[in-house]
Amino acid sequence: MGAGRGMKIGQISLFVLPAVALVAGGWWLLASRQPQDVRLGQQLYQENCASCHGANLEGQANWKSPDENGVLPAPPHDETGHTWHHGDRLLFEYIKLGGAAVLKKAGIDDFNSGMPGFGDVLSDQEITQTLAYIKSTWPEKLQSLQMQSTESEAQSGG
């Protein structure tokens, strides 16, 4: 990895490396905005995510209503969905561990998530690149709001 650079968000100092940032109290992700990461992320998204979340990040039909098994269909990752509402750490863990594991970790046992974990399929860097692609498709305003969620998440230790 190349040399990192420092920055400060609120009271937290970050040391940013190409794909991750070290925050007091633990690791969390800052998806790279390097063009090559976005391009690789787009390819990874098409290979691993598009079959459920749509080739154009549009999600499945009726994604807000559970199916006959009580599972919510895959939501869109474009600006019409809720992905941009969440901080980087949650998004990263949701992809790596899967919905059920992340929700259980948060103390939620009664939500039937259909999101599988991709930790055995994608490396941490590939997850980061996939997120970089998804985020690159959002309007600047939503990118800014999502970064605020990431900052709040880091400040709360979550």
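For clarity, every value in this text was computed on a predicted model and none was experimentally measured.

**Description of helix H6 (residues 140-156)**
The terminal C-alpha atoms of H6 lie 24 Å apart, and with 17 residues this matches the ideal 24 Å at 1.5 Å per residue to within 8%. Looking at H6, one finds that the buried residues are Leu142, Gln146, Thr150, Glu153 and Ala154. Down the axis, H6 shows its buried residues gathered within 125 degrees of arc, on one side only. Turned more than 90 degrees away from the buried face of H6, the exposed residues are Glu140, Lys141 and Ser156. Once H6 finishes, Gly157 follows within two positions and takes phi at roughly 80 degrees, a positive value.

**Some remarks on the environment of Ala154**
Residue placement: Ala154 occurs in helix H6. Residues Ala154 and Gly87 lie 67 residues apart in sequence; the distance between their C-alpha atoms is 8.4 Å.

**Here's the deal with the pattern of salt bridges**
Counted according to the given criterion, the structure contains 4 salt bridges. Linking Asp88 and Lys135 is a salt bridge whose minimum nitrogen-to-oxygen distance equals 2.5 Å. With Asp88 in helix H3 (residues 88-97) and Lys135 in helix H5 (residues 124-136), the pair connects residues that are 47 residues apart, well separated along the chain. As far as the burial class goes, Asp88 and Lys135 line up, both buried. Across the pair Asp124 and Lys96 runs a salt bridge whose closest N-O atoms are separated by 2.6 Å. Here Lys96 lies in helix H3 and Asp124 lies in helix H5, a separation of 28 residues in the sequence. Given the relative accessible area of 38%, Asp124 is considered partly exposed.

Definitions and cut-offs
Residues numbered from 1 in each chain as written. Predicted model: local features only at pLDDT ≥ 70, side-chain atom pairs only at ≥ 80, totals over all residues. Heavy atoms only, no water. Helix = DSSP H or I, 4+ residues; strand = E, 2+ residues; numbered from the N terminus. Expected span 1.5 Å × (residues − 1). Buried < 20%, exposed > 50% of the residue type's maximum accessible area, 1.4 Å probe, protein only. Arc of directions from axis to C-beta. Salt bridge = Lys/Arg side-chain N within 4 Å of Asp/Glu carboxyl O.

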